[in-house]
Amino acid sequence: MLPFILKRLGLALLVAFTVSFISFLLLFLSGDPAAALAGETASGEDIEAIRRVYGFDRPMLVQYGEWLVSALQGDFGESYYFKLPVAGLIAERLQVTMILGVCGISFALLTAVPLGVAAAIRPNSIVDRVALFMSVAGQAMPSFWFGLILIVVFAIQLGMLPPSGAETWRHFILPTVVLGYYAMPAIMRLTRAGMLDTLNSDYIRTARAKGAGEGRVLFKHALRNAIIPVVSLAAVQMGFMLGGSIVVESVFALHGAGYLAWESIARNDLPTVQALILVFSMFYIVFTFLADVLNAWLDPRMRSA
Amino acid sequence: MTDDTLLEVRNLTLDIPTGAGTLHAVRGIDFELRRGETLSIVGESGSGKSLTSLAVMGLLGKGIRRDADVMRFEDTDLLTASRRRMRALRGDRIAMIFQEPMTSLNPAYTIGDQLIETLKLHRRVSTSAARARAVELLEKVGITAAASRLGQYPHQLSGGLRQRVMIALALMCEPDLLIADEPTTALDVTIQAQILRLLVDLTREMDMAMILITHDLGVVARVADKVAVMYAGELVETGPAAAVFERPSHPYTRGLLRCIPQPGKTDRGSQLGTIPGIVPSLVGEVTGCAFRTRCPHAVPECRAAIPVRGDAAHDFRCVHADGAISAEKETA
Ligand SMILES: Nc1ncnc2c1ncn2[C@@H]1O[C@H](COP(=O)(O)OP(=O)(O)O)[C@@H](O)[C@H]1O
Ligand SMILES: [Mg+2]
């Protein structure tokens, strides 16, 4: 298991390194950063001055090395718009996004996995049909619309929960439901399909032939094998959620990292966009790595991969 | 039936509802097994051998209807036994090994985990005692370096080794009855003989009864006490192995026996005997002899109810009083 973890870790670092270079290049691919910084009314001399001050006139690799060293120390430069360190800006916004992401994926997993298992135990039963209905509805309903309905019902009509903001834990309930419900259908269906498949397998028949009870058959022998593809999917979704859901953050006025990314793109605030892309990519890399390790623990056949 | 009867099955019927109607997969079969005895069930694939053994285990899939006059294991009525009682029997008193060694072990757990689990499901034993038992059994089934195998996963073993592990798993609790459903069909020919030898030796050594389902009539002739020949869900002939091989009475049994080459009797280079024709559909009402569509001696009466011939020990079902043996000799 340890060699596998080390190998995967090396691979993750390699990907992270590549991604960092690409996100560094982004600053230049989107045009002349000095011109962007100077604004539309600036003269050619102003732009040249800015180019020198910010060091854009030096060789690209030197700039990348410098940028990487600072980034590793948590220094992503200054936001063009806020004139504040990007790192502090992101850290502040990321908090909201991380709470929302963790709550969202937990909500999705805690509803989708039991529902998927229950649906697989009795295919075509009432439970199965309810699960299918919920997953179709979840996929058909746009998040902004579902969010608005929840606000109208629970915040305005019933007055049970606050409609927007991020001050208390109660503010996170509705956004969690919306974000989680968005991820739920895919997890539910994958769990159901995996369980159906596994429950028909020969080793489940062996477990029953040994005299194992139904609970042991389902949870010790079947679920462990059925859940493997779900782990990979959940990791991707988790990465996606930590990248911030612009829609959910906008609807509930939760000013998280997703919202910041959207704002910064609109304002041409390149250092912020660059840093956000780097941070979001790192989340993906970390979760993919964790999913690989978890899957290798679940399925020993993967350890040699 | 006598006192040392271990398993008794009378008039077992299995129906499977399908889109096209009810599939009468197994129809009215009888057999019994005494302690230590080996019964071999033979017949082409699709004749209902696996379903019959799963019915004994209480492991039929959902939707399959089981009906019988008698289904008794020792003192337990298998028809009315609770799920709990069935669980207690399975793996402990009745064990089963399957055709597919490659997929019959859980890929997520070590060999040791799976062996130990079986013993712990039925006995209050410490983990170290269960480990010791697992090592003992792995050695018994001919696996070298048994102790170090406990930590291995199924995918690290060959098919032959996995089937040996399955046998060890089945024997963990010293069952009274072992059901082996084509245990060697999926293995290399060279391994097949070894595994069968092992099964036969172990059943003798442990005084265990066995239901051996196999295509290999050569094996049956050597190891079985009794033979039951199944065709399309029916038992067409049952009896002591010696009697069935000496006087195969049902035309289907004779057809099967002709399928195996016999040293000295079969001409070198002559074609392997096969029974021409296809098995009839068992969906909807099934009457008369199912073999009549392929039988060289079929007569119009084969469509009606078929009498049971022979004696209590060796019987067969055929409209011809002698199973058409005389007719066959004339044409030969
Ligand atoms: N779960 C099932 N659903 C539908 N048909 C089945 C099922 N299990 C077995 N059958 C059918 O029942 C018949 C007997 O099957 P089986 O007992 O597996 O035969 P054998 O073991 O002799 O090859 C076959 O025609 C098979 O297609
Ligand atoms: Mg079979």
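- Looking up chain B in an unreviewed UniProt entry gives the name Peptide ABC transporter substrate-binding protein, with the organism given as Roseivivax halodurans JCM 10272.
- Annotation of chain B in UniProt includes, under Subcellular location (unreviewed entry), the sentence "Cell inner membrane".
- The Sequence similarities (unreviewed entry) comment attached to chain B in UniProt states, word for word, "Belongs to the ABC transporter superfamily."

- Per an unreviewed UniProt entry, the recorded name for chain A is ABC transporter permease, and the organism is Roseivivax halodurans JCM 10272.
- Checking UniProt for chain A, the heading Sequence similarities (unreviewed entry) contains the comment "Belongs to the binding-protein-dependent transport system permease family."
- Database annotation for chain A, UniProt heading Subcellular location (unreviewed entry): "Cell membrane".

1. So, the overall build of chain B
- Check the secondary structure of chain B and you find eleven helices and 13 strands.
- Counting only C-alpha atoms and orienting by the principal axes, one finds that chain B spans roughly 65 × 50 × 45 Å.
- Burial analysis of chain B (332 residues in total) assigns 53% to the buried set.
- The contacts in chain B between residues at least 6 apart in sequence include a share of 66% that link residues at least 24 apart.
- Total accessible area computed for chain B in this model is approximately 15100 Å², and 51% of it derives from carbon and sulfur atoms.
- Side-chain charges of chain B comprise 39 positive and 40 negative groups, with the mean position of each set lying 4 Å from the other.

2. Re the pattern of salt bridges
- Taken as a whole and judged by the stated rule, the model has 29 salt bridges over all chains.
- Close ionic contact of A:Arg192 with A:Asp128 constitutes a salt bridge, the shortest N to O distance being 2.8 Å. Of this pair, A:Arg192 sits in helix α8 (residues 173–199) while A:Asp128 is found in helix α6 (residues 126–140), placing the two residues 64 residues apart along the sequence.
- B:Lys49 is paired through a salt bridge with B:Glu182; the nearest N and O atoms lie 3.9 Å apart. Placement of the pair is B:Lys49 in helix α1 (residues 49–57) and B:Glu182 in the loop between β8 (177–181) and α7 (189–206), with a sequence separation of 133 residues.

3. A short note on the UniProt feature "domain: ABC transporter" (unreviewed entry) in chain B
- The UniProt record marks residues 7–257 of chain B with the feature "domain: ABC transporter" (unreviewed entry), using the residue numbering of this structure.
- A helix fraction of 39% and a strand fraction of 27% characterise residues 7–257 of chain B, whose end C-alpha atoms lie 27 Å from each other.

4. A closer look at the site of ligand 1
Residue and element names in this part refer to chain B.
- Near ligand 1 the following residues occur: Ile16, Leu23, Ala25, Glu44, Ser45, Gly46, Ser47, Gly48, Lys49, Ser50, Leu51 and Ile64.
- The contact in question runs from an oxygen atom of ligand 1 to an N or O atom on the backbone of Gly46, over 2.7 Å.
- At a separation of 2.9 Å, an oxygen atom of ligand 1 approaches a polar backbone atom of Lys49.
- Burial of ligand 1 by the surrounding chains reaches 61%, relative to a free accessible area of 560 Å².
- Secondary-structure elements contributing two or more residues to the shell around ligand 1 are β2 (21–34) and α1.
- In terms of residue count, the dominant contributor to the shell around ligand 1 is α1 (three residues).

5. Structural notes on the interface of chain A and chain B
- On the chain B side, the residues contacting the 21 residues of chain A number 25 residues.
- In this structure, B:Glu117 engages A:Lys220 in a salt bridge whose closest nitrogen and oxygen atoms are separated by 3.6 Å.
- At the surface where chain A touches chain B, the tally comes to 16 residue pairs in polar contact (both at pLDDT 80 or more).
- Every element with two or more residues in the side of chain A that touches chain B is listed here: α9 (202–209) and α10 (214–226) of chain A.
- Broken down by element, the side of chain A that touches chain B gets its largest block of residues, six residues, from α9(A).
- Here the side of chain A that touches chain B is composed, by residue class, of six nonpolar, five polar and ten charged.

6. Some remarks on the UniProt feature "transmembrane region" (unreviewed entry) in chain A
Residues and elements named next belong to chain A.
- Following the UniProt record, the feature "transmembrane region" (unreviewed entry) maps to residues 98–121, 142–160, 172–191, 226–255 and 275–298 here.
- In this annotation, residues 172–191 is assigned 95% helix and 0% strand; the end-to-end C-alpha distance for the span is 27 Å.
- Annotated as 100% helix and 0% strand, the span residues 275–298 places its first and last C-alpha atoms 34 Å apart.

7. Points about the domain arrangement of chain B
Residues and elements named next belong to chain B.
- Structurally, chain B comprises domain 1 (5–93 + 173–331) and domain 2 (94–172).
- Computed over C-alpha atoms only, the centres of domain 1 and domain 2 are separated by 29 Å.
- Counting residues at the interface gives 33 residues for domain 1, matched by 22 residues for domain 2.
- Of the roughly 2400 Å² buried between domain 1 and domain 2, counting both surfaces, carbon and sulfur atoms make up 66%.
- Looking only at domain 1, the three residues that lose the most surface to domain 2 are Cys173, Leu198 and Leu202, adding up to 21% of its buried area.
- At the surface where domain 1 touches domain 2, the tally comes to two salt bridges.

8. A short note on the side chain of B:Lys49
- A relative accessible area of 3% means that B:Lys49 is categorised as buried.
- Ignoring anything within four residues of it in the chain, the contact list for B:Lys49 reads B:Ile41, B:Val42, B:Gly43, B:Glu44, B:Glu182, B:Ile213, B:His215 and B:Met230.

9. Observations regarding the sheet that holds strand β13 (residues 315–317) of chain B
Residues and elements named next belong to chain B.
- The eight strands are arranged β7-β8-β9-β3-β10-β11-β13-β12 in an open sheet whose pairing can be described as mixed. Each of the sheet's edge strands pairs with one partner strand only, and the pair in question is β7 (94–97) and β12 (308–310). Across the sheet, the axes of successive neighbouring strands diverge by a mean angle of 20 degrees, strand direction being ignored.
- Packing against the sheet, helix α6 (residues 159–171) makes contact with β7 and β8, and its axis sits at approximately 170 degrees to β7.
- Across the sheet, α7 touches β7, β8 and β9 (209–213), and the angle it forms with β9 is around 160 degrees.

The rules behind the values
- Residues numbered from 1 in each chain as written.
- Chains lettered and ligands numbered in written order.
- Predicted model: local features only at pLDDT ≥ 70, side-chain atom pairs only at ≥ 80, totals over all residues.
- Heavy atoms only, no water.
- UniProt positions renumbered as here; feature names shortened; annotations may be inferred.
- Helix = DSSP H or I, 4+ residues; strand = E, 2+ residues; numbered from the N terminus.
- Buried < 20%, exposed > 50% of the residue type's maximum accessible area, 1.4 Å probe, protein only.
- Contact = heavy atoms within 4.5 Å.
- Areas by Shrake-Rupley, 256 points an atom, 1.4 Å probe, with all protein chains shown as cover.
- Lys, Arg positive; Asp, Glu negative; His and termini not counted.
- Charge placed at Lys NZ, Arg CZ, Asp CG, Glu CD.
- Salt bridge = Lys/Arg side-chain N within 4 Å of Asp/Glu carboxyl O.
- Near = heavy atom within 4 Å.
- Polar contact = N/O pair within 3.5 Å; in protein donor to acceptor, adjacent residues only side chain to side chain.
- Nonpolar A, V, L, I, M, F, W, Y, C, P; charged D, E, K, R; others polar.
- Domains from an automatic or database assignment.
- Buried area = accessible area lost by both parts, 1.4 Å probe.
- Pairing = 2+ DSSP bridges.
- Axes fitted to C-alpha atoms, helices over the stretch in contact; angles between N-to-C directions.

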